[in-house]
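Summary of the model geometry
For reference, the chains in residue letters:
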Amino acid sequence: MNDALQPHVTAIDHVGIAVPDLDAAIDFHREHFGLEATHIEVNEEQGVREAMLRPRGDHSGAAIQLLAPLSEDSTIGKFLNTKGPGLQQLAYRVTDIEAASSALRASGLRLIYPEAKRGTGNSKVNFVHPSDAGGVLVELVEPAAS
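Residues numbered from 1 in each chain as written. Predicted model: local features only at pLDDT ≥ 70, side-chain atom pairs only at ≥ 80, totals over all residues. Heavy atoms only, no water.

One non-glycine residue, Asn-122, adopts positive backbone phi at about 65°. Within the secondary structure layout, Asn-122 lies in the loop between strand S6 (117-118) and strand S7 (124-128). Take Asn-122: its relative accessible area is 52%, and that puts it in the exposed class. (Helix = DSSP H or I, 4+ residues; strand = E, 2+ residues; numbered from the N terminus. Buried < 20%, exposed > 50% of the residue type's maximum accessible area, 1.4 Å probe, protein only.)

Glancing now at the packing of aromatic side chains. Applying the stated rule across the entire model yields two aromatic pairs. Here Tyr-113 and Phe-127 contribute two aromatic rings whose centre-to-centre distance is 5.9 Å and whose plane-to-plane angle is 75°, an arrangement assigned as edge-to-face. You can see Tyr-113 sitting in the loop between helix H3 (97-106) and S6 and its partner Phe-127 sitting in strand S7, a full 14 residues away along the chain. As far as the burial class goes, Tyr-113 and Phe-127 line up, both buried. Across the ring face of Tyr-113, the terminal group of Lys-117 is positioned such that the distance to the ring centre comes to 4.6 Å. (Phe/Tyr/Trp six-rings, centres within 6.5 Å; stacked < 30°, edge-to-face > 60°. Lys NZ or Arg CZ within 6 Å of the ring centre and 35° of its normal.)

Turning to its location among the elements, Gly-57 is positioned in the loop between strand S3 (48-55) and strand S4 (63-69). For the pair Gly-57 and Leu-109, spaced 52 residues apart in the sequence, the C-alpha separation amounts to 37 Å.

Take the pairing of strand S2 (residues 35-43) next. The pairing of S2 with S3 spans eight bridges and is classified as antiparallel. Each bridged residue has a counterpart across the sheet, and for Leu-35 the counterpart in S3 is Pro-55. Linking S2 back to S3 in an antiparallel pair, the connection comprises four residues, with Gly-47 at a positive phi of about 75°. (Pairing = 2+ DSSP bridges.)

Here we come to the side chain of His-8. Looking at the secondary structure, you find His-8 in the segment before strand S1 (9-18). Excluding residues within four positions of it along the chain, His-8 makes contact with Arg-93, Val-94, Thr-95, Asp-96, Ala-99 and Ala-100. (Contact = heavy atoms within 4.5 Å.)

In structure tokens, the structure reads:
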């Protein structure tokens, strides 16, 4: 493991799923798996309407993130057009997005953004390029300060 990154990764934060219809996907996961939407928002910068789902009573553990595009030319819109609905990303929770990003760059990995962007609930996010991570889009998430 990258020793410079190791102290910053604290948990699996969420798994992102691209969906064409957010409300239908929320209903599906509630009906079949008992998950509840603990957070729903529109992120104009990322071009998505999104929801974080968790088992009832769990508001801090790993989540399922449902991502519906605001337009066909958004990242999620393009993903749906080329790959269809399904797993889109794996996110790790980190204590310091800038330190984690620097450690990954120092180890030779490419990140999508030069600086972290706003994510769900005012978190800070960046992504490891899928071609540098075995074909998986890996997201780094620094939760917003409480």
